[in-house]
Number of protein chains: 2
Amino acid sequence: MAQALRPLLVLLAIGSCIAADHIDLWPMPKSVTHGAQRLYVSKDATMSMVGSTYSDEKAILKDAFQRMLDLMKLNHNADDTNRSSFVLTGVNMVVHSPEDELSFGVDESYNLTVPTIGDPLHAQVEAQTVYGALHALQTFGQLCYFDFTSRLIELNSAPWMITDAPRFPYRGLLIDTSRHYLPLTTIKGVIDAMTYSKLNVLHWHIIDEQSFPIEIPSYPKLWNGSYSYSERYTMSDAVDIVRYAEKRGVNVLAEIDVPGHALSWGVGYPSLWPSDSCKEALDVSNNFTFEVIDGILSDFSKVFKFKFVHLGGDEVNTSCWTKTPHIKEWLNNNHMNASDAYRYFVLRSQKIAIAHGYDVINWEETFNDFGEKLDRKTIVHNWLGGKVAPKVVAAGLRCIVSNQDKWYLDHLDATWEGFYMNEPLKGIDNPEQQRLVIGGEVCMWGEQIDASDIEQTIWPRAAAAAERLWTPIEKLAEDPRSATSRLSRFRCLLNQRGVAAAPLAGDGRTAPYEPGPCVRQ
Amino acid sequence: MAQALRPLLVLLAIGSCIAADHIDLWPMPKSVTHGAQRLYVSKDATMSMVGSTYSDEKAILKDAFQRMLDLMKLNHNADDTNRSSFVLTGVNMVVHSPEDELSFGVDESYNLTVPTIGDPLHAQVEAQTVYGALHALQTFGQLCYFDFTSRLIELNSAPWMITDAPRFPYRGLLIDTSRHYLPLTTIKGVIDAMTYSKLNVLHWHIIDEQSFPIEIPSYPKLWNGSYSYSERYTMSDAVDIVRYAEKRGVNVLAEIDVPGHALSWGVGYPSLWPSDSCKEALDVSNNFTFEVIDGILSDFSKVFKFKFVHLGGDEVNTSCWTKTPHIKEWLNNNHMNASDAYRYFVLRSQKIAIAHGYDVINWEETFNDFGEKLDRKTIVHNWLGGKVAPKVVAAGLRCIVSNQDKWYLDHLDATWEGFYMNEPLKGIDNPEQQRLVIGGEVCMWGEQIDASDIEQTIWPRAAAAAERLWTPIEKLAEDPRSATSRLSRFRCLLNQRGVAAAPLAGDGRTAPYEPGPCVRQ
């Protein structure tokens, strides 16, 4: 194409996108109508709360509004808005519930109206709870952009009327701080980026075989299993993360994976290992093991306020139980084989967690092996593959979907299209059973992930799943090709916000292949 | 090794590092002595300026001090320092010069003293200029760390007496915003990271063949060559970058590469191309070409206040000149062949820049082809390989070293050891000639670089070069293996500060190979 025409075509493309009802929002809201009027957003835009019952004592909305303004101004200096008409002076937030406690299933719905008449002209948000209002601010922020002709922040295609609510209440991302330590600033960056695509659960897989990085006041030698003296989180750090997330509408799900994936526990307390030469899984015959679990969960209950705790239970190799004499003896005395002992371990751990006020999430092997024995409020976390969720909900249990063939972010060959098209309700037609699938989660396992490459491995593929989990199924793209340019622009928006989201093309975390515009990478 | 011993060994290793005079600073200062006393840094540490002639009107020091405190507290919440002794209450800055203008060759030296006696106990910085004081704050910041036992910010091995000054005055990093657009927030992140290893020149290769992203008020259609309507920098954005950098002691070197690497100029002004079918290099026969260069440099002179401007001049393919009839005719009329015309173009462009108050930097082909004709104040920017710098300085010209076999960051197979060991004065023994090598620069060409992968491609390899350029040659590691653990810890410090520096092992920008502590990646 002649070089001279290129920018003209880009401009035409942008123009026609708006005209042809291509809404440039991610994730796509439940219902959107818009017009064709250009508005200008005042640099001094303010937030009001006229009509709110909610009082914003903790400045949740105020701070979120400021963050939104800061993002709007991050990359370009806008001029003052010296215009007489069509100037948006602010956003009025009407939040009906006075409560500000973030909890599972909280009402996250909102209406966002951006009118073209009004004096002063302002956008209007209406939500049941402050957490719906936070989502409204995210959507509003995506409508605003710096315009290079006017040198002002603009909001195009008004009036907008958006009604929105998530399809699933659990929209998660797992991070793994055991395979590699992640500094707090890295975790906070992940949380901020989650809010941009309305993900709402940070599943913190804190501990595993390789390292035990977190402080447990009840058993202070546990974090001797950290990689080093400085690769640790204090309880104060954990409180900081939970608060940071809560202010942004993100729940933190803490996981202690038992009895497997727990080798690091024994660095501080070697009696937790079956023996010095056979160190996994945690010694089921030792009451001390369950005292430690109780101590951990007791300490967790002071910090992690989400209704759920994750107790793991996956990939349990019981050979050290049957090989180690004192455990073998215990098994005999209790008339258990290794499988019985695995079941016993999981169920006993569940009871401890329940005694601390938690409902339990377990990885799917616990369901596959002894589903009918699990506590009835157990949520089964599917990961091995498709076809498990239907069985879980048929058994009357709730399910979180994370099938590894599509939703494991460490699988670099899992494409964004695969993330987008992975349907949690696949094979589940009964509406009552469908409701038992509370949502899904993409998993950023940490074997080759640290602060240097976590962002581009998570994004934009996690955003593709975020739309699958938020947007009503009838508004999802039936063919991911029709979502490509919109996700591409969202990826570029992430970059503009300082999130190192990778190009869409190719495998996860690839470098851009060649020079070119951001949206074509 | 038995698991239980592992953390003990790590602690021993840390202890022995300090005891054996391993200084954990990057880059290594000119002169360092220390003791063995542990100090505690007050959470409310303050900055004073008793004895300063400098008044900090622009809050350069004040803001830098606050940034340092913020970094100190970024990842862990420290307790209040309820101790009666050995508490560092602040830093006193003695800056002798009242001037705050950042210029090439400004005195960047400093002394930093952290005593163990004093009431109140405070660190002392003494520097000729505020820019030396900024470097002192960087060094001070590297001495402080969060301790997991005391839960306080600590500063170990006091008293410290550090005398420091850079070996070379020009310590640069090139970024390329033509092959891929880089959002302002990305560029600012690069600038901040530069200050951590005391790099002081950001060479902004703004424009090239693929895109023209910057506003040129004198010729407003030039940025029609941007990739898209939004992948642009206004003049206001450029001012923002220069101010941001200046406050941090970083000079911004702007480059317009002529006559090659300039295809994008013709999108807005097609007459700059030799023809519609032969578009590089810029039309040497057209006076308009030089009017545009003059306009660009005129606009630059209002924004880019560094003494130097870079006019490129590399990789010039003149075939479109000899093939295009009107240029062929012009060559004949002026009794020039293509080489003569290349020389003519470069020299005429130099004169324009000089008329706007700049001294000129040109890539080395201009020297290789017609070095004796270059303006005598030209700085030759070596990039093709080793062995050029000696010729440049023998001819009496100044030189910047960026030999591509060692210091090109886009060459992923260029190891950090290679970056570290690349000696700018190689083959130059005459002290007068050595002084003509003003420094060196690592180059982050952008063909496969955008906001998603720029940080881990730059760091830590650029930091390796930063020590080569800062530290006196006698204090550099003779074998890079003796710098490995120190650079590794610096890389982990970068990660803790939110800089996505890659592991040391393997090629540039590799992911961590397997689970493990940060310092072993």
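Criteria and thresholds
Residues numbered from 1 in each chain as written. Chains lettered and ligands numbered in written order. Predicted model: local features only at pLDDT ≥ 70, side-chain atom pairs only at ≥ 80, totals over all residues. Heavy atoms only, no water. UniProt positions renumbered as here; feature names shortened; annotations may be inferred. Helix = DSSP H or I, 4+ residues; strand = E, 2+ residues; numbered from the N terminus. Rg over C-alpha atoms; globule rule 2.2 N^0.38 Å. Contact = heavy atoms within 4.5 Å. Lys, Arg positive; Asp, Glu negative; His and termini not counted. Charge placed at Lys NZ, Arg CZ, Asp CG, Glu CD. Pairing = 2+ DSSP bridges. Axes fitted to C-alpha atoms, helices over the stretch in contact; angles between N-to-C directions. Buried area = accessible area lost by both parts, 1.4 Å probe. Salt bridge = Lys/Arg side-chain N within 4 Å of Asp/Glu carboxyl O. Polar contact = N/O pair within 3.5 Å; in protein donor to acceptor, adjacent residues only side chain to side chain. Least-squares fit on C-alpha atoms with pLDDT ≥ 70 in both. Disulfide = S-S within 2.5 Å. Buried < 20%, exposed > 50% of the residue type's maximum accessible area, 1.4 Å probe, protein only. Core = buried A, V, L, I, M, F, W, Y, C linked by side-chain atoms within 4.5 Å. Left-handed = near helix turned anticlockwise from the far one by under 90°. Nonpolar A, V, L, I, M, F, W, Y, C, P; charged D, E, K, R; others polar.

An unreviewed UniProt entry lists chain A under the name Beta-hexosaminidase, with Brachypodium distachyon given as the organism. UniProt, in its Sequence similarities (unreviewed entry) section for chain A, records the words "Belongs to the glycosyl hydrolase 20 family." Heading Catalytic activity (unreviewed entry) of the UniProt record for chain A holds this comment: "Hydrolysis of terminal non-reducing N-acetyl-D-hexosamine residues in N-acetyl-beta-D-hexosaminides."

Before going further, it helps to spend a moment on the overall build of chain A. For chain A, the helix and strand inventory stands at 17 helices and 16 strands. Here the C-alpha radius of gyration of chain A, 25 Å, is about what a compact globule of 521 residues would show, namely 24 Å. When its C-alpha atoms are laid out on the principal axes, chain A stretches across 85 × 55 × 50 Å. The long-range fraction of contacts in chain A, counting pairs at least 24 apart against all pairs at least 6 apart in sequence, stands at 74%. Each charge sign in chain A was given a centre, from 48 positive and 64 negative side chains, and these centres are 2 Å apart.

Looking now at the sheet that holds strand β1 (residues 31-33) of chain B. All names here are of chain B. With mixed pairing, the 8 strands of this open sheet are ordered in space as β1-β8-β4-β5-β3-β2-β7-β6. Of all the strands in the sheet, just β1 and β6 (144-146) have a single pairing partner and so form its edges. Each strand of the sheet is rotated relative to its neighbour by a mean of 30 degrees, with strand direction disregarded. In terms of strand pairing, strand β2 (residues 37-48) meets strand β7 (residues 153-158) through 4 bridges, oriented antiparallel. Its bridge partner lying in β7, L39 is registered against L155. Set on the sheet, helix α3 (residues 130-143) makes contact with β3 (87-95), β4 (110-114), β5 (122-127), β6, β7 and β8 (160-164); between it and β4 the angle comes to about 35 degrees.

A separate point is the interface of chain A and chain B. Contacts between chain A and chain B engage 70 residues on the former and 70 residues on the latter. Buried surface at the junction of chain A and chain B, summed over both partners, amounts to about 5,400 Å²; 54% is from carbon and sulfur atoms. At the junction of chain A and chain B, the tally comes to 4 salt bridges. One salt bridge in this structure joins B:R151 and A:E215, with 2.6 Å as the shortest N-O distance. At the junction of chain A with chain B, the criterion picks out 29 residue pairs in polar contact (both at pLDDT 80 or more). Residue assignment for the side of chain A that touches chain B shows that the elements contributing at least two residues are α1 (6-19), α4 (184-196), α5 (235-246) and α17 (484-496) of chain A. Looking at the side of chain A that touches chain B, the element that brings in the most residues is α1(A), giving 5 residues.

Another point: the relation of the copies chain A and chain B. The operation relating chain A to chain B is a screw motion whose rotation component is 180 degrees, with 0.0 Å of axial translation and a residual RMSD of 0.0 Å. As the rotation angle and translation indicate, the two copies are arranged about a two-fold axis. Residue A:D453 of chain A places its C-alpha closer to the rotation axis than any other residue of that unit, at 4.1 Å. Taken together, the interface assignments show that 100% of the residues at the interface of chain A recur at the interface of chain B, consistent with an identical surface on both copies.

The next thing to look at is the state of the cysteines. Applying the stated rule across the entire model yields 4 disulfides over all chains. For A:C278, the disulfide goes to A:C320, at an S-S distance of 2.1 Å. Measuring the twist about the S-S bond at about -85 degrees, one finds the A:C278-A:C320 disulfide to be left-handed. Taken together, the residues A:C278 in the loop between β11 (251-255) and α6 (287-303) and A:C320 in helix α7 (residues 319-323) connect sequence positions 42 residues apart. With a relative accessible area of 12%, A:C278 lands in the buried category. The disulfide that involves B:C492 links it to B:C518, with 2.1 Å between the sulfurs. On the sign convention where negative is left-handed, the bridge of B:C492 and B:C518, at about -110 degrees about the S-S bond, is left-handed. Here B:C518 lies in the segment after α17 (484-496) and B:C492 lies in helix α17, a separation of 26 residues in the sequence. Take B:C492: its relative accessible area is 8%, and that puts it in the buried class. Once the disulfide-bonded cysteines of chain A are ranked by sequence position, their pairing pattern turns out to be 1-2, 3-4.

Here the focus is the nonpolar core. A:I214, A:W265, A:F300, A:F304, A:W459 and B:F140 are the most contacted members of the largest nonpolar core, which totals 155 residues. When near neighbours in sequence (up to four residues on either side) are disregarded, A:I214 contacts A:W204, A:I206, A:I207, A:W223, A:Y233, A:M235, A:A238 and A:F304. The next biggest cluster of nonpolar side chains, apart from the first, holds 154 residues, and it includes A:L39, A:Y110, B:L199 and B:L409.

As a further point, take the environment of B:H76. Its location among the elements puts B:H76 in the loop between α2 (60-72) and β3. A relative accessible area of 9% places B:H76 in the buried class. Counting along the chain gives 77 residues from B:H76 to B:I153, while the straight-line C-alpha distance between them is 9.4 Å. When near neighbours in sequence (up to four residues on either side) are disregarded, B:H76 contacts A:Y181, A:R232, A:D237, B:F146 and B:F148. Separated by 2.6 Å, the side chains of B:H76 and A:D237 make a polar contact.

Residues and elements named next belong to chain A. Judged by pairing direction, the sheet is mixed, and its 8 strands sit side by side in the order β1-β8-β4-β5-β3-β2-β7-β6 without closing on themselves. Looking along the sheet, the strands with just one partner apiece sit at the ends: β1 (31-33) and β6 (144-146). For this sheet, the mean inter-axis angle between neighbouring strands, taken without regard to orientation, is 30 degrees. In the packing of helix α2 (residues 60-72) onto the sheet, the strands contacted are β2 (37-48), β3 (87-95), β6 and β7 (153-158), and the crossing angle to β2 comes to about 135 degrees. Taken strand by strand, helix α3 (residues 130-143) contacts β3, β4 (110-114), β5 (122-127), β6, β7 and β8 (160-164), and its axis lies near 35 degrees from that of β4.

Moving on, we come to the packing of helix α6 (residues 287-301) of chain B against helix α9 (residues 338-355) of chain B. All names here are of chain B. Put simply, α6 and α9 touch, their axes get as near as 10 Å, and they point 35 degrees apart. As α6 runs across α9, the sense of the crossing is right-handed. Residue-level contacts link N287, T289, F290, I293, D294 and L297 of α6 to Y344, F345, R348, S349, I352 and A353 of α9. Looking at the contact of α6 with α9 residue by residue, the classes come out as 7 nonpolar, 3 polar and 2 charged.

Quick look at the UniProt feature "active site" (unreviewed entry) in chain A now. Residue and element names in this part refer to chain A. Mapped onto this numbering, the UniProt entry annotates "active site" (unreviewed entry) at E315. By relative accessible area, E315 is classed as partly exposed at 47%. Apart from residues lying up to four places away in sequence, E315 is in contact with H261, E365 and W383. Side-chain polar atoms of E315 contact the side chain of H261, separated by 2.8 Å.

Attention shifts here to the UniProt feature "domain: Beta-hexosaminidase eukaryotic type N-terminal" (unreviewed entry) in chain A. Sites flagged by UniProt as "domain: Beta-hexosaminidase eukaryotic type N-terminal" (unreviewed entry) map to residues 25-143 of chain A. Along residues 25-143 of chain A one finds 23% helix and 29% strand; the C-alpha atoms at either end are 8 Å apart.

This next bit is on the pairing of β5(B). Residues and elements named next belong to chain B. Along β5, the buried face is formed by A123, V125 and A127; none of H122, Q124 and E126, which line the opposite face, is buried. Two strands pair when backbone bridges link them, and β3 and β5 are joined in this way by 6 bridges, in the parallel orientation. Each residue of the ladder has a partner; that of G90, found in β5, is H122. Bridging between β4 and β5 involves 4 bridges; their strand directions are antiparallel. Bridge pairing in β5 links Y110 to A127.

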